[in-house]
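Below are the chains, spelled out letter by letter.
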Amino acid sequence: MKARVFITLKAGVLDPQGKAIHHALEGLGFSGVNDVRAGKLIELDLADGTADSDIEEMCRKLLANTVIENFRIERLQDA
Amino acid sequence: MNSAVIVFPGSNCDRDLATALELVTGRKPAMVWHKDSGLPDGVDFIGLPGGFSYGDYLRSGAMAARSPIMRAVKDAAGRGVPVIGICNGFQVLTETGLLPGALMRNAGLSFVCRPVPLKVENSQTLFTAEYDAGEVVSFPVAHHDGNFQADETTLDRLEGEGRVAFRYQDEVNGSARSIAGILNDAGNVLGLMPHPERAVEPAHGATDGRRLFEGLLQTVAA
């Protein structure tokens, strides 16, 4: 089974990379961009029946630094 | 003083740290591989060196912090053994939770590589005993992810408890309160982004770092 983990910076944490991307978009002529924040996507290919709690533990213990990051898990339906 | 320097895949300042320790203590440190499950007997000082452990993949220091050897390092720290984390080592210490906060991408986004002035904020620690209170020293920095961040409560507590060891004297990486180095609650674990081991002999162009190791030796050997 597959799962996707989205890791994003907590609100209020400064994101200079997001800002740099923002400026670059503006430089390309896109005027309607109010803010940009950059995160990470981690795709996991897991044994069938892996519990949600296991995936959450992976996130808390390694994939996200919960001091500054949030995570969201998406289980993918098999095609 | 029997030092141990932990080596992770991608560490590259381990030999500089070992050289500095040998210069000051007269003893070669044990170089301990991250996969070892234990430290050598009688280790009374542990150094986590700079570098790019695990290529800085996922987050700087994140995977190194979960290495087998870190269980032994945490236990030793808990028993009061002095531990220093320099640069990537500081990142590892925050990732293990031995120190609070996190080191993020430099605010200016560039890799910063130059000598920086640092104020010794607390000269009563076992690492800073050979410095004067408020003394301004110079250590080189070389990092991309040295921006120290923590919530306001944590920052206030660090300041209030005298746990800020070194403070940048000019704008370097956007660190909150210009914090360059901090201590744990018990005062035996120091994390700092600048490299004292690169300022121990005249050929380095600066020798202010030597007194950090000398202070350590005084306390540990006492």
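Residues numbered from 1 in each chain as written. Chains lettered and ligands numbered in written order. Predicted model: local features only at pLDDT ≥ 70, side-chain atom pairs only at ≥ 80, totals over all residues.

1. Considerations on the overall build of chain B
Inclusion rule: To qualify as a helix, a DSSP run of H or I must reach at least 4 residues; to qualify as a strand, a run of E must reach at least 2; elements of each kind are numbered from the N terminus. Our radius of gyration looks at C-alpha atoms and nothing else; its globule reference is 2.2 Å times the residue count to the power 0.38. Buried means a residue has 20 or more other C-beta atoms within 10 Å of its own C-beta, exposed means 12 or fewer, and partly exposed covers the counts in between; C-beta atoms are placed from the backbone. Contact between two residues is assigned whenever their backbone-derived C-beta positions fall within 7 Å.
If you tally the helices and strands in chain B, you get 5 helices and 11 strands. For 222 residues, the compact-globule estimate of 2.2 N^0.38 gives 17 Å, and the C-alpha radius of gyration of chain B, at 16 Å, lies within 12% of that figure. Each of the three principal axes of chain B carries a C-alpha extent, and together these read 40 × 40 × 35 Å. Put simply, chain B has 222 residues, and 52% of those count as buried. Residue pairs at least 24 apart in sequence account for 75% of intrachain contacts in chain B once pairs closer than 6 positions are excluded.

2. Let's talk about the interface of chain A and chain B
Heads up, the rule is: Amino acid classes used here: Ala, Val, Leu, Ile, Met, Phe, Trp, Tyr, Cys and Pro are nonpolar; Asp, Glu, Lys and Arg are charged; the rest, including Gly, are polar.
With 9 residues of chain A at the interface, the matching set in chain B holds 11 residues. Broken down by element, the residue count for the side of chain A that touches chain B peaks at 3 residues, all from helix α1 (residues 16-27) of chain A. Grouping the constituent residues of the side of chain A that touches chain B by class yields 7 nonpolar, 2 polar and no charged.

3. Some thoughts on the pairing of strand β9 (residues 164-168) of chain B
All names here are of chain B. Which entries qualify depends on this criterion: Strand pairing follows a simple DSSP-based rule, namely that at least 2 bridges must link the two strands.
Most of β9 is tucked away: 4 of the 5 residues are buried. Here 3 bridges tie β9 to strand β10 (residues 179-183), and the two strands are oriented antiparallel to one another. Residue pairing for β10: Phe-166 is matched across the bridge by Gly-181.

4. Re the sheet that holds strand β1 (residues 2-9) of chain A
Residues and elements named next belong to chain A. Worth spelling out the cut-off: Here, axes are lines fitted to C-alpha atoms. For helices the fit covers the stretch in contact, and angles between N-to-C directions go from 0 to 180 degrees.
An order of β2-β1-β3 is seen for the 3 strands of this open sheet, with the pairing classed as antiparallel. Edge positions in the sheet fall to β2 (40-45) and β3 (69-76), since each has one partner strand and no second. Neighbour-to-neighbour, the strand axes of the sheet open up by a mean angle of 20°, direction not taken into account. Bridging between β1 and β2 involves 6 bridges; their strand directions are antiparallel. Bridging across to β2, Ala-3 finds its partner in Leu-44. Sheet strands in contact with helix α2 (residues 52-63) are β1, β2 and β3, and its direction is about 145° off that of β3.

5. A short note on the confidence of the model for chain B
Which entries qualify depends on this criterion: Values of pLDDT, ranging from 0 to 100, describe the predictor's confidence in every residue of the model.
Across chain B, the average pLDDT comes to 97, with 100% of residues at 70 or higher. The complex model carries a pTM of 0.95, and its ipTM stands at 0.87.

6. What to know about helix α5 (residues 210-221) of chain B
Residues and elements named next belong to chain B. Put simply, the rule is: Each residue after the first adds 1.5 Å to the expected span of a helix.
Here α5 spans 16 Å end to end across 12 residues, near enough to the 16 Å set by a 1.5 Å rise per residue. Of the residues making up α5, those classed as buried are Arg-211, Leu-212, Phe-213 and Leu-216. Structurally, α5 contributes buried residues whose contacts are with α1 (14-25) and β3 (45-48).

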